[in-house]
Each structure stands twice: as structure tokens, then as C-alpha cells.
Amino acid sequence: MADTFAPFTAEGARPHEAPPQHAPAQPAALRFYMTEEYHVPNGTLLGFWLYLMSDCLVFACLFAAYGVLGRNYAGGPSGAELFDLPLVALNTSFLLLSSITYGFAMLEAQRGRLGPTQGWLAVTGLLGAAFLAVEIYEFAHLVGEGAGPQRSGFLTSFFALVGTHGLHVTFGIVWLVTLVSQLRRHGLIPENRRRLMCLSMFWHFLDVVWIGVFTFVYLMGVLP
Amino acid sequence: MSAHDDTLAAHGHGPASGNDHGHGESEIHISLGGYVTGFVLSVILTAIPFWLVMGRVFEQSSTTAMVLLALGAVQIVVHMIYFLHLNARSEGGWNMLALIFTLVLVVITLTGTLWVMFHLNSNMMPGMHTTKTLP
């Protein structure tokens, strides 16, 4: 560790660091510079969090577009006529349940139990797939009724926002399947635990976005 | 929630988590209680908005909208704390800093867009008012 990267001079590198109050005793151990590149602990998790924050901005823009266009029906159907709230409630409960089953998977992974981890991940994936199935059914129903994305500004922004969220869930499920196969092959190695943490953040983040969707789009959309 | 204690606790956890060196993956100690608390709160905070809208509890829809937005905001905070394990000390505070910065941008995006477009709407269509008065 002491001799990994030491080409920098002590004065030039970081003059403001490490005042030599304890140094004179051992001149050999005296170092005024970092011998290794500095890495943030858990750099991956921090980086993934930053990705999620940028994703948050994407959704903010879509929400803003919906906020502007959400009542421009162009003579077409309104949210109150189109939205089926019991179906939305079902969808919401699927996603909420999948959040806690992912939490159970994380708990099992923390205990180091591979089988239950994979089991809970599978349940999470199934719930996510059920969410997607309901959403695809809803979209197909809307398009079949002639309320496709090209019908009005309201429907364009609706499909853009909810569709983007659905795409995120789709890719979350792809990631989940990949992760389960990696777990089966390599077990709960540190790399897989890190991936598990990242997907956990992604999955819970999608649930957070869905809170905004069902509140702002569905529930406020049917208000008179 | 004390992140420092949790960090220390996570290192002695199970046989598989003893090999985290630097890039530790289990720094965030998660507990069943936290998840269950978050889930129960989320269920309540989800059920109330649906009940408010489907049961037509309030007469005025503006009241309902305000309550819905407030409950949604509370639920987002609940998810952040209990599911995303966010606190002021995770990742040395950088998580929280990034979140605050993002929230500022989100607020600017949303309020700015709505504000500008609302005024644009009301200013750009003078014809709407005149045609209404025509016979």
C-alpha cells in the first residue's frame, strides 16, 4: 500500500492536507499525499442513485407535459370517462406488494440464504408481470375504444407518461430475470449483492413514480 | 434511524457478508420491521386517496386534489425512508444532496411549466371570450 503510486511530490500534491504534527518520530512513514486513487465507498450505489435522480428528471418532464395537456381533450374522451379506478387500484396493489416482496428478498440475501432470495425475487417478478399485464390490457382497451395516443393532447401525454413507466417496469423485470440466473450461477457473491441493491433501488423508485402516476393522472384525472 | 450503528452491525452479519472490502455491499442494514412499517403506511396512504375519489367524499374537487397531492407527497417520503433506506448519512450524505438538488430541479420544471403554460393559455386565446358572447 505504501509504495503503489508515489511519483508525486509531497509539496505539490496536497499541500493543505496532513499537517505533520505526529510525523517526526517516523520519517519513513511520512506521507503527504494519497498513495492510491481515492474511491468513494459504495461508488456503484452512489452512481446508480445519480442515475435514478436523472431518471426522476425525465419523469418530471413527462409529468409537466401531462400537467399542461391533461385537460386538452380535443372533443375526445376525458379521464373521467376512460379510467377504470378499480383496475388502477388492482395495479397499484400489485406494485406495492412487489415492493415488499423485493424487501423480503433483500432480507433473505442479508441472512445469506440463496434459495429464499431467489424465491422472493421470483414472486416480485410475477407481481411485476401482473402489473404489466393489467397495464397492457388497459392500453389495448383504450386503443380499441379509439382513445389511442393520437386522439388528443391528453391521451398523448397520458400514454407517454404511463408508457414510460411501464417500459421501466419491463426492463426491471428483464434485469430481475438476469439477476436470478446470475444468483443461480454464482450465488450471493459481493457483486451479486451489489446488483441486488441497485435493482432494489430501481424497483422501489418505480413504485415512487407510480405514486405520482396514480395520484396525479388517474385519481386527479377523474375529478370533475 | 442511526446509520452509523447499522453500518457497524452489517459487518457481522452472516457468513456471506464477511468479505466486503471497501466496496461493501451490505452497508445498509435492513430490517423486517422497517419494511413492514413502510408497507402498512403505504397501504393506508394508498387506500385513503382511492376512497376519497371513489367514494366522492368531498364536494369540491379542488379540496380533493389538494388532499390527494399531500397524501402522495407523504407516501413518497415514506417510500424513500422505509424502502429506499434514505437518510442524511447514506453514502456520506451524497445521496441526500443529490436528492435535494433533483427536487429543486423537479420543482422548477413542474411549477415553471405549469405557470408559463397556464398564462400562455389564458393570454393566447382572446377569441374564446368574444365568441362566447356572440349569439
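Treat the numbers as computed from the prediction; the structure is a model and nothing was measured. (Residues numbered from 1 in each chain as written. Chains lettered and ligands numbered in written order. Predicted model: local features only at pLDDT ≥ 70, side-chain atom pairs only at ≥ 80, totals over all residues.)

1. Regarding the overall build of chain B
Each helix and strand counted, chain B has five helices and zero strands in total. The secondary structure elements of chain B, listed N-terminal to C-terminal, are α-α-α-α-α. Counting the 135 residues in chain B, one finds 22% classified as buried. Excluding contacts between residues fewer than 6 apart, the proportion of contacts in chain B whose partners are at least 24 apart in sequence is 49%. (Helix = DSSP H or I, 4+ residues; strand = E, 2+ residues; numbered from the N terminus. Buried ≥ 20, exposed ≤ 12 C-beta atoms within 10 Å, placed from the backbone. Contact = placed C-beta atoms within 7 Å.)

2. Describing helix α7 (residues 190-221) of chain A
Note on helix geometry: an α-helix contains 3.6 residues per turn, so any two residues three or four positions apart are oriented the same way. All names here are of chain A. If you check α7, its first and last C-alpha atoms are 45 Å apart, about what 32 residues at 1.5 Å a residue would give, namely 46 Å. Most pronounced at F214, the bend in α7 amounts to some 30 degrees. Counting buried positions along α7 yields 27 of 32 residues, so the element is predominantly enclosed. (Expected span 1.5 Å × (residues − 1). Bend = angle between axes of the 7 residues up to and from the residue.)

3. Things to note about the interface of chain B and chain A
Of the residues lining the interface, 48 residues belong to chain B; the matching set on chain A comes to 44 residues. Those elements giving two or more residues to the side of chain B that touches chain A turn out to be α2 (32-54), α3 (61-83) and α4 (94-124) of chain B. Residue contributions to the side of chain B that touches chain A peak at twelve residues, all from α4(B). Grouping the constituent residues of the side of chain B that touches chain A by class yields 25 nonpolar, 19 polar and four charged. (Nonpolar A, V, L, I, M, F, W, Y, C, P; charged D, E, K, R; others polar.)

4. Things to note about the environment of F139(A)
Residues and elements named next belong to chain A. Of note, F139 is situated in helix α5 (residues 114-144). Its 18 C-beta neighbours within 10 Å are what place F139 among the partly exposed residues. Taking the C-alpha atoms as reference points, F139 and G163, separated by 24 residues in sequence, lie 8.9 Å from one another.

5. As for the UniProt feature "transmembrane region" (unreviewed entry) in chain A
All names here are of chain A. UniProt feature "transmembrane region" (unreviewed entry): in the numbering of this structure it lies at residues 48-68, 88-107, 119-137, 157-180 and 201-221. The span residues 88-107 shows a helical share of 100% and a strand share of 0%, and its end C-alpha atoms are spaced 29 Å apart. From the first C-alpha to the last, residues 201-221 spans 29 Å; its make-up is 100% helix and 0% strand. (UniProt positions renumbered as here; feature names shortened; annotations may be inferred.)

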